[in-house]
Amino acid sequence: MLAAVLHSPGDLRLEERPTPEPGPDEVLVAVAYNGLCGTDVTEFTKGPMMLPLQQRHPGSGHVGPTVLGHEFVGSVAAVGRGAEAWLGRRVASGAGVSCGACPRCRRGRTNLCDRYWTLGLSADGALAEFVVVPAGTLRPIPDGCRDEEAALAQPLAVGLHAVAGSGIEAGDTVVLVGAGAIGSFILAGLAGHDGRVVAVDIDEARLASARALGATETVLIHPDDPLGPVRDVVRSGAEVVIEASGVTGAAQRAITLTARGGTTMLVGLTRAPQPLDLADVVLREITVRSSVAHVCDADLPRALELLTARPLGSLLVDRVVPLDRVVEDAFEPLATGTVGGKVLVAPRHG
Ligand SMILES: [Zn+2]
Ligand SMILES: [Zn+2]
């Protein structure tokens, strides 16, 4: 089978590999679509950065350069012992694999599993014609949901997880800072909120898409004054501020924009240490929360339900690229920032 294998920064190769075989409780998925996100682009430009395969996934037969791809849908082409019920079904997969037995898993917080590993990062993923997946990570795609739509389920599940963790109540003013990749899925997850949803970004095109996704107001900011224009719109602060930009200083600004007694939800990643005014957090009794990845059992079915009711592909997908063009037409334009929306990669079978 054809697979996109990451060897070193910028060196993603299309290689012929043997089609993998599912072990017990695993299935072989014939990949229909695999979406790319910022993590893939970072791996492409700077990786491989994630753990070598075998440390986390002792069953996988392969050690060495990894097949990327962790946001995927397809149909089950073969099954291992114990996974027979999945044969032939259309499935969406979560990206992270959890053990089900550690204290976090037992509390339903499988995204924080002690033995968590990620398909397409710490084991071979779905930028290939086929991928082997533990059956526990799969959810069936509802009949009314096309594969192209279901391919957005994993990133939407990440957005829904962040929204669910924010404790938003009816009537709350919600500010979303950063309407890009993650932010757009958070906005989609905020659909139906009974209250103001204010999207903030430095890019007018992203704000236009934010309005289409359901933001009630948008604020265009300039990096020289990222706070002022938002303050003009939410004068006494917002009950919930979701920080999804990951820009230096944005976490503090999100706290500043949060109303007394409100919640700041941190989703964007800033690698460098950031100074925060914690006296302000205490004196105004701000709750600072965070959100990472998604919980397969809770967030993935809800994402698929939402995508069945409200197809988002036309709003969010920029292009569909065949697997054999994945470097030129997907990773290179993503790395240079010349693609705005989501890119789906479609392997050709046979
Ligand atoms: Zn991703
Ligand atoms: Zn666990």
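No experiment lies behind these values; they were computed from the predicted model shown. (Residues numbered from 1 in each chain as written. Chains lettered and ligands numbered in written order. Predicted model: local features only at pLDDT ≥ 70, side-chain atom pairs only at ≥ 80, totals over all residues.)

(A) Expanded view of helix α7 (residues 204-213). Among all positions in α7, only Arg206, Leu207, Ser209, Ala210 and Leu213 are buried. In a view along the axis of α7, the buried residues occupy a sector of 160 degrees, so they form one face of it. Facing away from the buried side of α7, by more than 90 degrees, are the exposed residues Glu204 and Ala205. Phi turns positive one or two residues past the end of α7, at Gly214, with a value near 125 degrees. (Buried ≥ 20, exposed ≤ 12 C-beta atoms within 10 Å, placed from the backbone. Helix = DSSP H or I, 4+ residues; strand = E, 2+ residues; numbered from the N terminus. Arc of directions from axis to C-beta.)

(B) Focus on the nonpolar core. Ranked by internal contacts, the top residues of the largest apolar core, which has 104 residues, are Val175, Leu176 and Ile242. Structurally, this core is a two-domain feature, drawing no fewer than three residues from each of domain 1 (2-155 + 294-346) and domain 2 (167-290). In contact with Leu176, other than residues within four places in its own chain, are Gly183, Ile186, Leu187, Val197, Ala199, Val200, Ile242 and Ala244. (Core = buried A, V, L, I, M, F, W, Y, C linked by C-beta atoms within 7 Å. Domains from an automatic or database assignment. Contact = placed C-beta atoms within 7 Å.)

(C) Molecular detail of the sheet that holds strand β4 (residues 66-67). Taken in spatial order, the 3 strands line up as β2-β1-β4 in an open sheet, and their pairing is antiparallel. Strands with a single pairing partner mark the edges of an open sheet, and in this sheet they are β2 (11-16) and β4. Looking at chain direction, strand β1 (residues 2-8) and β4 are connected through 2 bridges and run antiparallel. Bridging from a neighbouring strand, Val5 pairs with Val67 of β4. (Pairing = 2+ DSSP bridges.)

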